[in-house]
Amino acid sequence: MIKTENVTKYFNRGNPDEVLAVNDVSIEVKEGDFAVFKGPSGSGKTTLLSLIGCMSRPTSGRVIVEDRDVSRLPERFMTEVRRNTFGFIFQQFHLIKGISVCDNVMLPVLPTDIKPSKLRKSAVRILENLGMSGRIDFPVQKLSGGEQQRTAIARALINNPDIILADEPTAHLDTHLSEEFLSIMRNLQQQGKTIVIATHDPLVYDKDYVSLIIEMRDGRVREIIRN
Amino acid sequence: MRRSTMFFVFTAINLVIMALLYIQSHISLSEHHILRKDIKEIVKTLHLTDMVLATDARYTRNPTQADLFSAFQDYPGSIEHFPTGSVIPPPDMDSMGKLIEIKTDGP
Amino acid sequence: MALEKHINILDYTLQSLLRRKFKNIGIIMVFTLVIFTVSSIIFLSYSLRQEAHLLLKNSPEIVVQKMRAGRHELISTWLMTEIRGIPGVSDVEPRYWGYYYDSGVKANYTILGIGASGLENNKVVSGRMPSPHEKNVAAIGRGIADVRVIKKDLGSILYLQAADNKWMNFNIVGIFESDSGIMTADLIVISKEDFKALVSMPDDTATDLAVHVSNEAEIPTVARKIKEQFPDSRPILRDEIIRTYDAVFGWRSGLIITLFMGALIAFIILAWDKATGLSAEEKQEIGILKAIGWETSDVLEMKFWEGLVISLTSFMCGIILAYIHIFFMGASLLAPALKGWSVIYPEFRLAPFIDFYQIAILMSLTVVPYIASTIIPSWKASITDPDIVMRG
Ligand SMILES: Nc1ncnc2c1ncn2[C@@H]1O[C@H](COP(=O)(O)OP(=O)(O)O)[C@@H](O)[C@H]1O
Ligand SMILES: [Mg+2]
């Protein structure tokens, strides 16, 4: 499903502030996996996640998503892969303030030729499944942290993606909400989606349904554990 | 209503107003006294050369006519109206043969 | 339907404009003010110019004035015969005119002596015109009739002080009604004999000569010949008269635009500010949209709509308000600067001539650059990789 071959990512290459964020990483995530990128802050988890998710390109090496080499695709096709394959849940949620929960959830699919009434219907269905039925037309800036995250999850699901990518999803949540988030992810995995989470929270990688743990340090893979 | 629909309606209303104003301008022009031949006859018969736009001083009453107080009257074709004459140069005498186009009757 | 995508993006654009309601309403207001002012000037000066063209093309083809030592002086009427001899000249008529300052009203009148009859059936003239040799009768402009301290009308007597300190009285037999005000408001028309007596003008002289040339193309040649034969004369062509009015309204428009420069510069700074950089917030929004699957072209389309909505709204509102201001409200805000002022001011309804060419230029100088200044800075943000939203 997702494969990286000797992927390396430099930031500010050739400048004094050059950073080698990801160094010669070769991993494989299989369909239906519940994968965790584990490692201390600054170890390159986020960078690796964005390389996989077609948000940036590797300096060298190849990224293969669903048997397609995406690392050299032109911009337009990268966007297409990103839109059709991935759902993103960001650490800071990144909801658009000032508009409602439902409008935020519909955002990824607005530039399509589907009628807004139809888009709204599917957004409402997803929100209801996530227990957000009472908050559909609520302005997002007034939501609690957990609700904001569920909105972000709903937004990630509106494309019906095969792969969910989440970056430090439990960083701003208490234990109870973190458990809730994980059960949602577990649920999605059971529905056939592939889950990839970058985190340094033991609550996440100690779960017994985690099928793949990739431990990183200083941009390199330190250990790969398959359960 | 969708916001885009509201925007289109708003734009359409504006366009309709502009169209109505355009029609209004035509109607108003067609019956405007400026086009009456009576007024043209007065101009012709009395040999008038200037508009009554400023009677506050003699030098602004007939800006086209040379007078004791005209600012620039030496160079042929120089405009008699200060400060225009000091800013806008007189035309090239060689091109004096060419006439400035004057619109004929009506809008 | 393939349009749905664009309408969806427009929907979102309007939604995000409403999110920053005050900022955007402020921009629209400033923008509207700029369009309103500039198009008011365009409407008003174009209308005045057109009126000048329409009216003044009935003026004499050439007016010949006499100069002595470079100053204007009365012209001898014997020149008329000589000028008549120039090929192309169809007729020469003397003009008798001058100014009269009425210290009671503190206004200047224009006094015109006529030596020929005319205007018998003119519907703009109430009453009649003085006949060429009739004494002590006058036709006056509606402007004077209304402004005189004691209201004058047909049948009243008008007193004018002659050069020899005697008072002359004139029976008002005609009034130029206000429809013709733009040409006649301050006129006092009397017979040529009365005029000469009033100002003590010597016999065989006139103020200047009106030369008629039937073939338009010959006007400059005739003027040149007059100038050659009489070096102390100054022929004024009708085209110069019209050109003077173009220039007068031109510099008056320029004057207003100069006064208005402050607002204009503020607007340019505003547009410049937008064009040179996006706020961090806007950059992040673009990053988020790209990260969740918007294409670069979708983001740019959103920015296009944003620029279009603001500039089109402002443009249309500005134009409509300007039209109402100029042609329904008599240009009340600009009139003092553009129309000029005076004690006797003709009350005239502006003819709504519209210069589509200038309006189109105004549109291309405001709407197009504004849209460009919203799209161009977003270009860079929208082609960079969206992974910045993954950090911080
Ligand atoms: N856009 C960037 N420019 C420069 N350095 C970056 C950038 N993104 C990440 N880094 C650096 O790359 C390294 C890895 O960062 P990151 O992938 O965010 O690690 P993690 O998510 O594991 O904390 C860090 O040293 C970080 O400072
Ligand atoms: Mg990180």
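Residues numbered from 1 in each chain as written. Chains lettered and ligands numbered in written order. Predicted model: local features only at pLDDT ≥ 70, side-chain atom pairs only at ≥ 80, totals over all residues. Heavy atoms only, no water.

Turning our eyes to something else, we now look at the side chain of E4 of chain C. Mapped onto the fold, E4 of chain C is located in helix α1 (residues 4–19). A relative accessible area of 4% means that E4 of chain C is categorised as buried. Side chain to side chain, E4 of chain C and K115 of chain A meet in a polar contact 3.0 Å long. Once residues lying within four places of it in the same chain are set aside, the contact partners of E4 of chain C are T112, D113, I114, K115 and P116 of chain A together with R2 of chain B. (Helix = DSSP H or I, 4+ residues; strand = E, 2+ residues; numbered from the N terminus. Buried < 20%, exposed > 50% of the residue type's maximum accessible area, 1.4 Å probe, protein only. Polar contact = N/O pair within 3.5 Å; in protein donor to acceptor, adjacent residues only side chain to side chain. Contact = heavy atoms within 4.5 Å.)

Take the pattern of salt bridges next. Here the structure, examined in full by the defined rule, presents 32 salt bridges over all chains. The salt bridge involving E4 of chain C is made with K115 of chain A; its shortest N-O contact spans 3.0 Å. Taken as a pair, E4 of chain C in helix α1 and K115 of chain A in the loop between α3 (101–106) and α4 (116–129) lie in two separate chains rather than in one. Look at K115 of chain A and you get partly exposed, because its relative accessible area is 46%. Between R120 of chain A and D137 of chain A there is a salt bridge, and its shortest N-O distance comes to 3.1 Å. (Salt bridge = Lys/Arg side-chain N within 4 Å of Asp/Glu carboxyl O.)

Another point: the site of ligand 1. Near ligand 1, the surroundings consist of 13 residues, among which G42, K45, T46 and T47 of chain A together with R391 of chain C are the closest. In this structure, ligand 1 sits where chains A and C come together, each supplying nearby residues. Here an oxygen atom of ligand 1 and a backbone polar atom of G42 of chain A are 2.6 Å apart. Note that an oxygen atom of ligand 1 is positioned 2.5 Å from one of the side-chain N or O atoms of T47 of chain A. Summarising the interface, the protein chains cover 74% of the accessible area of ligand 1, which totals 560 Å² for the free molecule. (Near = heavy atom within 4 Å. Areas by Shrake-Rupley, 256 points an atom, 1.4 Å probe, with all protein chains shown as cover.)

Residue and element names in this part refer to chain C. Here the domain parsing of chain C yields domain 1 (3–54 + 244–391) and domain 2 (75–206). Taken over C-alpha atoms, the centre of domain 1 sits 50 Å from the centre of domain 2. Residue-level contacts link six residues of domain 1 with 13 residues of domain 2. Counting across the domain 1 and domain 2 interface gives zero salt bridges. At the surface where domain 1 touches domain 2, the tally comes to zero residue pairs in polar contact (both at pLDDT 80 or more). Classifying every residue of the side of domain 1 that touches domain 2 by side-chain character gives four nonpolar, no polar and two charged. (Domains from an automatic or database assignment. Nonpolar A, V, L, I, M, F, W, Y, C, P; charged D, E, K, R; others polar.)

For the rest of this paragraph, the subject is the pairing of strand β6 (residues 86–89) of chain A. Residue and element names in this part refer to chain A. Neither face of β6 is left uncovered, since the one carrying F86 and F88 and the one carrying G87 and I89 both have all their residues buried. Bridging between β6 and strand β7 (residues 163–167) involves four bridges; their strand directions are parallel. Looking at β7, one finds that F86 is bridged to I163. (Pairing = 2+ DSSP bridges.)

A cluster of like negative charges, contributed by E31, E66, D67 and D162 of chain A, occupies part of the molecular surface. Along the chain, the position of D162 of chain A falls in the loop between α5 (145–157) and β7. (Patch = residues over 30% accessible without salt bridge, like charges linked within 9 Å, V, L, I, M, F, W, Y side chains within 5 Å. Lys, Arg positive; Asp, Glu negative; His and termini not counted. Charge placed at Lys NZ, Arg CZ, Asp CG, Glu CD.)

Core analysis: the largest hydrophobic core is formed by 168 residues, its most contacted members being M185 of chain A, L46 of chain B together with W294 of chain C. For this core, the element with the highest residue contribution is helix α2 (residues 21–56) of chain C, accounting for 16 residues. I75, I83, V105 and I344 of chain C belong to the second-largest nonpolar core, a separate cluster that totals 44 residues. (Core = buried A, V, L, I, M, F, W, Y, C linked by side-chain atoms within 4.5 Å.)

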